[in-house]
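Summary of the model geometry
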Amino acid sequence: MSFLHQQTALDAALEQAHKSLREGGIPIGSAMIDDAGRVIAAGHNLRVQSGDSTAHAESVCIRSAGRRRDWHTLTLASTLSPCAMCSGTAVLHRIPRIIIGENRTFMGREDWLRAEGIEVRVLDDPRCIQLMREFIAANTELWNEDIGVPPPGN
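Within each chain, residue numbers correspond to sequence positions counted from 1 in written order. Per-residue local features of the predicted model are confined to residues with pLDDT of at least 70, and side-chain atom pairs are confined, for both listing and counting, to 80 or more; whole-chain, interface and lining totals are unaffected and use all residues. For side-chain calculations, the full set of non-hydrogen atoms in the structure is used, while hydrogens and water are omitted.

**Structural notes on the pairing of strand β4 (residues 97-102)**
- The buried label applies to any residue whose accessible area, calculated with a 1.4 Å probe on protein chains only, is under 20% of its type's maximum; exposed applies above 50%, and partly exposed to all values in between. For helices the rule is a DSSP run of H or I covering at least 4 residues; for strands it is a run of E covering at least 2, with both sets numbered from the N terminus onward. Of all 6 residues in β4, 6 are buried, a share of seventy percent or more.
- Here, a strand pair is defined by DSSP locating no fewer than two bridges between the strands. As defined by bridge partners, strand β3 (residues 75-80) adjoins β4 across 5 bridges and the pair is classed as parallel. For Leu80, the partnering residue across the bridge sits in β4 and is Glu102.
- Crossovers are marked right-handed if the path from the first strand over the helix to the second runs clockwise, as seen with the strands pointing away from the viewer. Of the crossover connections in this fold, the one passing from β3 over helix α4 (residues 84-92) to the parallel β4 is right-handed.
- Sheet topology places β4 next to strand β5 (residues 119-122); 4 bridges connect them, and they run parallel. By the bridge assignment for β5, Ile100 is matched with Val122.

Next comes the structure, spelled out in structure tokens:
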């Protein structure tokens with residue numbers, strides 16, 4: 001995959017992350033591209049907006065891609081390292097490549113993705129890092145809820 005296609009995918013995912021933030025949600029975005037670098041689906045974390053705890057960016061993106069038979073040719077991009085649920089969805093659909101904006105603020109199940117033969121590229125994008133650091137600092141309780149950290153005292 002070319003650098004240009006990686007950037008196209010990550011830029012589309014980052015646009016989705018900003019959309020979620022504007023809506024009052026968690027600023028994580030995802031996009032899916034084909035081999036030609038065309039964005040075929042995108043989504044952002046809708047957990048807060050919809051009240052659906054499974055509406056993570058990658059899952060929303062994959063849902064928006066619809067019924068397909070070409071998952072094995074696509075690339076999924078996410079602004080943040082995918083959690084276990086989203087990693088499992090990628091494994092289930094046999095998506096061969098995942099572009100990750102950053103994994104400094106949250107390390108998902110990259111180990112599992114790699115063990116399943118998925119090519120994982122972490123771009124360490126400063127825009128993604130800054131977005132999540134600022135969000136987590138300003139919204140610690142909401143972030144902990146999103147990643148399943150129990151409230152203090154539980």
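Now, onward.
**Some thoughts on the packing of aromatic side chains**
- Two rings from Phe, Tyr or Trp (for Trp, the six-membered ring) form a pair when their centres sit within 6.5 Å of each other. Planes less than 30 degrees apart are called stacked, planes more than 60 degrees apart edge-to-face, and all others tilted. Taken as a whole, this structure holds 1 aromatic pair when the rule is applied.
- Considering the side-chain rings of Phe106 and Trp143, the 6.0 Å spacing of their centres and the 90° angle between planes classify their relative orientation as edge-to-face. Linking Phe106 in the loop between β4 and α5 (110-115) with Trp143 in helix α7 (residues 140-146), this pair joins segments that are 37 residues apart in sequence.

**A short note on the environment of Gly101**
- The residue Gly101 is located in strand β4 in this model.
- Of the residues examined, Gly101 reaches a relative accessible area of 0% and is grouped as buried.
- On a C-alpha basis, the gap between Gly101 and Ser78 in space is 6.1 Å, while along the polypeptide they are 23 residues apart.
- By the convention used here, residues are in contact when the closest approach between their heavy atoms is within 4.5 Å. For Gly101, the contacting residues outside a window of four places in its chain are Leu10, Ser78, Thr79, Leu123, Asp124, Asp125 and Cys128.

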